[in-house]
Every structure is written in structure tokens, then in C-alpha cells.
Amino acid sequence: MKVAILSGSVYGTAEEVARHAQEILKDAGFNAWHNPRATLADVQAFAPDAFLAVTSTTGMGELPDNLMPLYLAIRDQLPAAWRGLPGAVIGLGDASYGDTFCGGGEQMCELFAELGIREVLPMLRLDASESVTPEADAEPWLGELVAALRG
Ligand SMILES: Cc1cc2nc3c(=O)[nH]c(=O)nc-3n(C[C@H](O)[C@H](O)[C@H](O)COP(=O)(O)O)c2cc1C
């Protein structure tokens, strides 16, 4: 199974989590692909069977700049081939931002819903005000993701 990992990051934390997720998915036997600067054409060329989005939140609940072009291209085109595919989202944020906590991840969940991507797990929220080990914190959830994708 081919899993496309889409990541958005300002300072690199979400990108590290995405890379860690890629390793875990590879170790579990998946063909996990991750390019932090992926274009829509790159993702379509990979022809994914499943999606994982890993994104931090910036500004007032916004997506990082490096994910915006891909986010907008996907939202404009809503590729029909992805309808019904499984997917899940890891959102990074900081609960001290209040209402906008993990707003970037929430935008990716909404995009997946528009695309008809089936969320196989509720979004994992990684809170920078609670923990400085987001990669390790994601491991149990990634184990559940592996199980959900194996069906
Ligand atoms: C300028 C700035 C704005 C932020 N805005 C939000 C926000 O609105 N909501 C939130 O949950 N976290 C917010 N954060 C926290 C980051 O999302 C969090 O620290 C995350 O772990 C950073 O990951 P990154 O290194 O991949 O960018 C903000 C951080 C900065 C520096």
C-alpha cells in the first residue's frame, strides 16, 4: 500500500514527526512517500492508496507557508481518484493559543472531508506546551494507524 505523507512545518518539528512516521510506516511494510515540498503533480504521480497529513499551526490557526500551495491546489482540483481512500491527520500546535489550537491540522481534516478521504483515526493533537518529544508521543497513534490501514 502506498501512503503519501503531506507535511507542513515552520520550524521543522512537524517535518521531523512526518519523517518519523515515514520510518514507522516503512518498517510496517508500507511504501511511505514524503516530500515536504511536494506539488499536486508529485502526489498524483505517486498515486497514493492512503494519506497522512502532518502539520503544525502558525499565525492565528493557519497552515505553514510550505503546505499552502499544495493545500490550495488540492482544494481547487479535488482529485476524484482520491475519493474513498483512507487517511488521517497529525496536528501540531500549542494549547496556549486557545481556540486556534491545532487549527492547521483541523484545516487538513476539513480538506480530507471535502475530498471524500475516509478518516480512519481521529486527529492526533501534539501540544508543544505539554511535551517536547512529539515524535515519541506520536508512536502509539502511529501503531493504531498501521493497524487501521492493514484493515
Ligand atoms: C508565530 C507562531 C504562531 C503560532 N500559532 C499557533 C496557533 O494559532 N495555534 C496553535 O495551536 N499553535 C500555534 N503555534 C505553535 C506551533 O504550531 C507549535 O509550536 C508547533 O509545534 C511548531 O511546529 P513546527 O516546528 O513544525 O512549525 C504557533 C507558533 C508560532 C511560533
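The following refers to the structure shown. Nothing here was measured: the structure is a model prediction, and the numbers come from that model.

Concerning unusual backbone geometry
Next up, step 1: For Leu78, which is not glycine, the phi dihedral falls at a positive 40 degrees.
Next up, step 2: With respect to the secondary-structure elements, Leu78 resides in the loop between α3 (68–77) and β4 (86–93).
Next up, step 3: You can call Leu78 partly exposed: its relative accessible area is 34%.
Next up, step 4: Unlike most non-glycine residues, Cys102 shows phi in positive territory, near 55 degrees.

What about the nonpolar core?
Next up, step 1: Counting 25 residues, the largest nonpolar core has Phe51 and Met108 as the members making the most contacts within it.
Next up, step 2: Listing elements by their share of this core, those giving two or more residues are β1 (2–8), α2 (40–46), β3 (50–55), α3 and α4 (103–115).
Next up, step 3: Considering each element in turn, this core owes the most residues, five residues, to α4.
Next up, step 4: With sequence-adjacent residues up to four places away left out, Phe51 is seen in contact with Val3, Ala4, Leu6, Val43, Trp82, Leu85, Pro86, Gly87, Ala88, Phe112 and Ile117.
Next up, step 5: Grouped together as the second largest cluster of nonpolar side chains are 24 residues, Ile5, Ala14, Leu25 and Ala88 included.

What counts, and at which threshold
Residues numbered from 1 in each chain as written. Predicted model: local features only at pLDDT ≥ 70, side-chain atom pairs only at ≥ 80, totals over all residues. Heavy atoms only, no water. Helix = DSSP H or I, 4+ residues; strand = E, 2+ residues; numbered from the N terminus. Buried < 20%, exposed > 50% of the residue type's maximum accessible area, 1.4 Å probe, protein only. Core = buried A, V, L, I, M, F, W, Y, C linked by side-chain atoms within 4.5 Å. Contact = heavy atoms within 4.5 Å.

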